[in-house]
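Structure at a glance
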Amino acid sequence: MTRKPLTLTLLAAFFHALIEWLFFATTPSSLSTLTFLESLNVFFITGGVIAFILIFALLLFSIPAKKWEWLAYIPAAFMLSVTALIMLDNFTYTVFKFGVVSTSNAWRLIYIVIFILFFYWMFRFTTRTTLWKSASTLSLSLFAVSCALTLMTYFSRDVPFNTFDPISAQSDNNRPNIIILGADGLNASYLSAYGFDEDTTPFISELVKTSLVAENAFPNASSTTASTTSALTGKEPAQVSVYRYPDILSGQDSYEHLPAMLKDLGYHTVQIGTPSYVDALKVNMADGFEVVNNRSIHQPTLDLMRAVLGNAPATYFIQLVGQRVSERLLHIFFIRDMDNPIQQVNNPNARLTDDQRLAQMINLMQTSAEPVFVFSHFMGTHGPHFSTEGIAPTDESLDDEQEWDLELYKQAIRQFDHHVETLFQYLTASGEINNTIVVIYTDHGYRYAVNRRTPLIFHFPHADHAGTRTNNVQVIDIPATLIDYLEIPQPNWMTGSSILKEEPSPTREIISITAGSPRKIAPPFYQIKTVQIIVCNKWYALNVQENIWRVDDISGHTAPCDESLLPAEEQIREKIIEYLRRYGYDVSSVE
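A brief structural summary. (Residues numbered from 1 in each chain as written. Predicted model: local features only at pLDDT ≥ 70, side-chain atom pairs only at ≥ 80, totals over all residues. Heavy atoms only, no water.)

A few points about the sheet that holds strand 14 (residues 548–553)
Spatially, 11-12-13-14 is the arrangement adopted by the 4 strands of the open sheet, whose pairing is antiparallel. Two strands in the sheet have a free side with no partner beyond their single neighbour: strand 11 (509–515) and strand 14. Neighbour-to-neighbour, the strand axes of this sheet turn through a mean angle of 20°, independent of strand direction. Relative to strand 12 (residues 528–535), helix 17 (residues 569–582) is tilted by about 130°, and along the sheet it contacts strand 11, strand 12, strand 13 (538–543) and strand 14. (Pairing = 2+ DSSP bridges. Helix = DSSP H or I, 4+ residues; strand = E, 2+ residues; numbered from the N terminus. Axes fitted to C-alpha atoms, helices over the stretch in contact; angles between N-to-C directions. Contact = heavy atoms within 4.5 Å.)

Overview of the pairing of strand 3 (residues 268–272)
Burial within strand 3 is extensive, with 5 of its 5 residues counted as buried. Burial of strand 3 is two-sided: the residues His268, Val270 and Ile272 facing one way and the residues Thr269 and Gln271 facing the other way are all buried. Pairing between strand 3 and strand 6 (residues 372–378): 5 bridges, direction parallel. Considered in strand 6, the bridge of Thr269 is made with Phe373. Sheet analysis places strand 3 next to strand 4 (residues 291–292), joined by 2 bridges and oriented parallel. Paired with Gln271 across the bridge in strand 4 is Val292. (Buried < 20%, exposed > 50% of the residue type's maximum accessible area, 1.4 Å probe, protein only.)

Here's the deal with the pattern of salt bridges
Note that side chains of opposite charge can pair when their charged atoms are close. Summed over all chains, the structure comprises 17 salt bridges. As a salt-bridge pair, Asp89 and Arg328 come within 2.7 Å of each other at their nearest N and O atoms. Here Arg328 lies in helix 11 (residues 313–332) and Asp89 lies in helix 3 (residues 74–96), a separation of 239 residues in the sequence. Of the two residues, Asp89 and Arg328, both sit in the buried class. A salt bridge links Glu591 to Arg581; its shortest N-O distance comes to 2.4 Å. Placement of Glu591 in the segment after helix 17 and of Arg581 in helix 17 is noted, with a sequence separation of 10 residues between them. (Salt bridge = Lys/Arg side-chain N within 4 Å of Asp/Glu carboxyl O.)

Structural notes on the packing of helix 1 (residues 4–25) against helix 3
Look at helix 1 against helix 3: their axes get within 8 Å of each other, and the N-to-C directions meet at 15°. Of the possible angle classes, the one that applies to helix 1 and helix 3 is roughly parallel. Considering the relative orientation of helix 1 and helix 3, their crossing is left-handed. Only Pro75, Ala76, Met79, Leu80, Val82, Thr83, Ile86, Met87 and Asn90 of helix 3 make contact with helix 1, whose side of the interface consists of Leu8, Thr9, Ala12, Ala13, Phe15, His16, Ile19, Glu20 and Phe23. Among the residues forming the contact of helix 1 with helix 3, the class breakdown is 13 nonpolar, 4 polar and 1 charged. (Parallel < 35°, antiparallel > 145°, perpendicular 65-115°, else oblique. Left-handed = near helix turned anticlockwise from the far one by under 90°. Nonpolar A, V, L, I, M, F, W, Y, C, P; charged D, E, K, R; others polar.)

Brief notes about the packing of helix 3 against helix 11
Axis separation between helix 3 and helix 11 bottoms out at 11 Å; the angle between their running directions is 85°. In this view, helix 3 runs roughly perpendicular relative to helix 11, as classed from their interaxial angle. Across the interface between the two elements, Phe78, Val82, Leu85, Ile86, Asp89 and Asn90 of helix 3 pack against Arg324, Val325, Arg328, Leu329 and Ile332 of helix 11.

Brief notes about the packing of aromatic side chains
Applying the stated rule across the entire model yields 32 aromatic pairs. Relative to Phe373, the ring of Phe289 lies with its centre 5.9 Å away and its plane at 10°, an arrangement referred to as stacked. In this pair, Phe289 is assigned in the loop between strand 3 and strand 4 and Phe373 in strand 6, connecting sequence segments 84 residues apart. Residue Phe289 is classed as buried on the basis of its relative accessible area, which comes to 1%. (Phe/Tyr/Trp six-rings, centres within 6.5 Å; stacked < 30°, edge-to-face > 60°.)

Quick notes on unusual backbone geometry
A cis amide bond links Tyr245 to the next residue, Pro246, at an omega of 15°. Mapped onto the elements, Pro246 comes out in the loop between helix 8 (237–240) and helix 9 (258–264). Note the cis peptide between Gly383 and Pro384, where omega equals 10°. Inspection of the secondary structure puts Pro384 in the loop between strand 6 and helix 14 (400–403). A positive phi angle, close to 70°, is found at Asn294, a residue other than glycine. Within the secondary structure, Asn294 is located in the loop between strand 4 and strand 5 (295–296). Here the phi dihedral of Tyr448 falls at roughly 65°; this positive angle occurs in a residue that is not glycine. Mapped onto the elements of the fold, Tyr448 is located in the loop between strand 7 (436–442) and strand 8 (454–459).

Structure, rendered in structure tokens:
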């Protein structure tokens, strides 16, 4: 076998890495907040990993290639064919909103034909092309740089460690099941359990009588991805730099979360959410959930990369690049359907129904030999297109009021209440009612509000700790409250507070982040649009992109403070600026 196949294989690997790197570097992605040198490092390491895989394939073909030399060109031709397919798909989906994911049934045959044609053309190209003189030097230089950067990353990697010691935790093996029921976009003001004059939550209204209820709870983020990440980590969005999809956890943050703690305690951990947006894999949450949206978290290749590269940005990017290839090939060859996360969020007919989510949850509890931890996210109340069983969702409209149909929203809330009732009927009938903790919460308010009260309800076995908390509570208090019930010491990295045994301070400060458009990620504040602090019954918000300051009362707050206890506006504004400065943002434009 000549040197030509090896050169072409290496060049094909780095060409694919370059195309993917350019695509993600020019769109909102995990590369958006990296420096240019950090991003370039991701490109070289990714190219090297792809090259290593292709070289292994080339070695497999090398023996028969002694007799049939053309076999040695298959790895390069295949890689170039995949790159061409990805480029075509990127172009058609960006320009025409149509691509591989849009095809179904026999329409996939079109892409099979296209891929075969690509392979035929690439095979002819690789076997017939004459390489320029320095091609071999270039390919080997790229591979050498990649190897050097990979070694540097290996020796400088932060080896993650679990600060939680399960031995020091509660020794009782009969730990309760834990179910977190998240509903998208709920305002407490539309729930009859919180005083709404229409009977939208008849079951939850009865449930709160035997539950621990936060009367004034607030989210820490306006986006689903950031808020659900906060609910699982007990950390504010700025602490982990996750403000909205496609932000990801990095470094030690990927390993510091509630699912990892519960998994170490012997829980079977499952996430039932929405691909990409409520997805531990997409947010780079490691070693926590065993199953995420019907996919096993056990990925030997990813585990190997983490062992070599640690939790470096390249690790996540390589996983993403590999997933984009496998998803498309498996889809067009009728092996496994490809998820369309945008459709599953915006089109109720294209996503898993809440009935199906509930059925998965109940089946899990019926079949698991261990206590279960389920983090679920129900989508019926997701706007602007609300969905309920038996009522067709509205079509897209330019009319904002029609888009956010309040009557459909209230009907979707009633449907969620029915799902909660169905779950409790199962728990009662199965005898698990006194062996299960159920948490009801939401990711953000109606129309993504963070300055409106949202529901937060804990139902413990035997109706323990039933009562109300009137002072302000936040989403990041959920993990702290749960581990307090389990008698587990709260780790230092978890910044929420338990509300299990006492009221929070009436003047505690709750910080929430409203994310801007993912297409407007730019310095100095990148994804952040507004930083808000809530103190008692008043919210203070600084729009950092436009330097606009706003203050107002919280509608319906049940425990307003005396005006003398509220801080001065300038004091809170300075705290917001200092908060941003602490996390490395240039605040000169808002000072």
